[in-house]
Amino acid sequence: MAIRIPVRVVVLVLVVPVRMVWDALVVAGRFLRDAVLRPVGRALAWLGRAVFVWPLVGLWRYVVVPLAKGVGWLGHVLLVVPAVWLYRWVLTPVGQALAWFFTRVGAVLAAIARGVYAGLAWLGRYLAVVPAVWLYRWVLTPVGHALAWCGRQVARGVGLVVTGVGFVLYWICRVLLVLPVLAVWRWVLAPVGRFLAVVGREVADALGHAWRVAGHLSRAVGRFLGTVLRWTVAEPARWVYRSVLTPVGHAVRDTVLRPLAEAGRGARRAARQALASARLSVRQARADVRRMLFGAPAERRPVDRREPSAAEARTLGSSTTALTKD
């Protein structure tokens, strides 16, 4: 408690202005992002598509792709077809003939090589392998065993010397270095570290507590400023809109806009009726001129769509049968 309360008081005094400035920057950043950066980004994205993407897509679709298809067809006709014909009718027969020739020559050379290899293997066995085996078995092996025994004895002596020297150096290093370092760590560094750990933990807890308290204070200040802006700007503006602008707008709408709209609709209706009357008069005049020049059209006879009676059906059936027999 003797450390915690002073540390928290000092940290709270230092952190409150920082937290308020941070909250103000956050609010300004969000407003800037929503009101400026996002519309500007959308406009730049649309401009980028209009300036770069759409021309490149049109160039690719209507220039590069047809040109590449034409070049591919030309390359197929000028390169692939002659190359296939050359491979099929020239290179393949020549390759088969060369393969047959080299197969026969290779068989002869392989028979000669097998005979030469057999002779050289026999000579190498009796001139090199047999003497080398004898030399390894009766000379090198005894000499190697003697040298190995001498090496083991020398290594054992050197190991004893190194063990003694290492034991002495171990106790010298332990007495001169390890024990002093261990004492310093146990009686100096460990207590100081524990004290610093306690102080650091208290400072971290104080920072967290002060940051949360500063957040509450900043939120209270923000609400106070919002209330002030609401009662000084928003409420008067809403009262002006509701009590002044809305009645004035309704009056203008009822006295000016609606009569003008009604007059416009009446004029449009009269114009439409006049156009319909003029169209009907022109149609009638055209019909009179056609009647004077070509005469009246023939009257259409109505078609009897009623179903035939039973007697008419029998008469029609007998007529059909007679026509079929004829």
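Residues numbered from 1 in each chain as written. Predicted model: local features only at pLDDT ≥ 70, side-chain atom pairs only at ≥ 80, totals over all residues. Heavy atoms only, no water.

## Examining the overall build of the chain
Phase 1: Within the chain one finds two helices and zero strands.
Phase 2: Burial status across the chain gives 5% buried among its 326 residues.
Phase 3: Within the chain, contacts between residues at least 6 apart in sequence are counted, and of these 77% link residues at least 24 apart. (Helix = DSSP H or I, 4+ residues; strand = E, 2+ residues; numbered from the N terminus. Buried < 20%, exposed > 50% of the residue type's maximum accessible area, 1.4 Å probe, protein only. Contact = heavy atoms within 4.5 Å.)

## Some details on the packing of aromatic side chains
Phase 1: The final tally for this structure, using the stated rule, is five aromatic pairs.
Phase 2: Between W46 and W54 the ring centres are 6.3 Å apart and the planes differ by 90°, which places this aromatic pair in the edge-to-face class.
Phase 3: Above the face of the Y126 ring, R125 is positioned so that its terminal group lies 6.0 Å from the ring centre. (Phe/Tyr/Trp six-rings, centres within 6.5 Å; stacked < 30°, edge-to-face > 60°. Lys NZ or Arg CZ within 6 Å of the ring centre and 35° of its normal.)

## As for the pattern of salt bridges
Phase 1: Overall, the coordinates contain seven salt bridges when judged by the stated rule.
Phase 2: Across the salt bridge formed by R230 and E235, the nearest N and O atoms sit 3.3 Å from each other.
Phase 3: For the salt bridge of R258 with D254, the shortest nitrogen-to-oxygen distance reads 3.3 Å. One end of the pair, R258, and the other, D254, are both in helix 1 (residues 4-294), four residues apart, so they sit about a helical turn from each other. (Salt bridge = Lys/Arg side-chain N within 4 Å of Asp/Glu carboxyl O.)

## Section: a positive patch on the surface
Phase 1: Positive charge collects at one region of the surface, where R279, R283, R286 and R290 lie side by side.
Phase 2: Mapped onto the elements of the fold, R283 is located in helix 1. (Patch = residues over 30% accessible without salt bridge, like charges linked within 9 Å, V, L, I, M, F, W, Y side chains within 5 Å. Areas by Shrake-Rupley, 256 points an atom, 1.4 Å probe, with all protein chains shown as cover. Lys, Arg positive; Asp, Glu negative; His and termini not counted. Charge placed at Lys NZ, Arg CZ, Asp CG, Glu CD.)

## A look at the layout of surface pockets
Phase 1: Its volume calculated, the largest pocket comes out at about 220 Å³.
Phase 2: Considering the residues around the largest pocket, the lining is formed by M20, D23, A24, V26, V27, R30, S218, R219, V221, G222 and L225.
Phase 3: Of the residues contributing to the lining of the largest pocket, the split by class is six nonpolar, two polar and three charged. (1 Å grid on protein atoms, 1.4 Å probe; cavity = no way out; pocket = protein on both sides within 12 Å on 5 of 7 lines; lining within 4 Å. Points joined across faces, edges and corners; volume = space filled by probe spheres on them. Nonpolar A, V, L, I, M, F, W, Y, C, P; charged D, E, K, R; others polar.)

## Structural notes on the confidence of the model for the chain
Phase 1: A residue-level look at the chain finds 86% of positions with pLDDT of 70 or above and a mean pLDDT of 83.
Phase 2: Every residue in residues 322-326 scores below 50 in pLDDT, and together they form zero contacts with partners more than four places removed in sequence or on other chains. (pLDDT = per-residue confidence, 0-100.)

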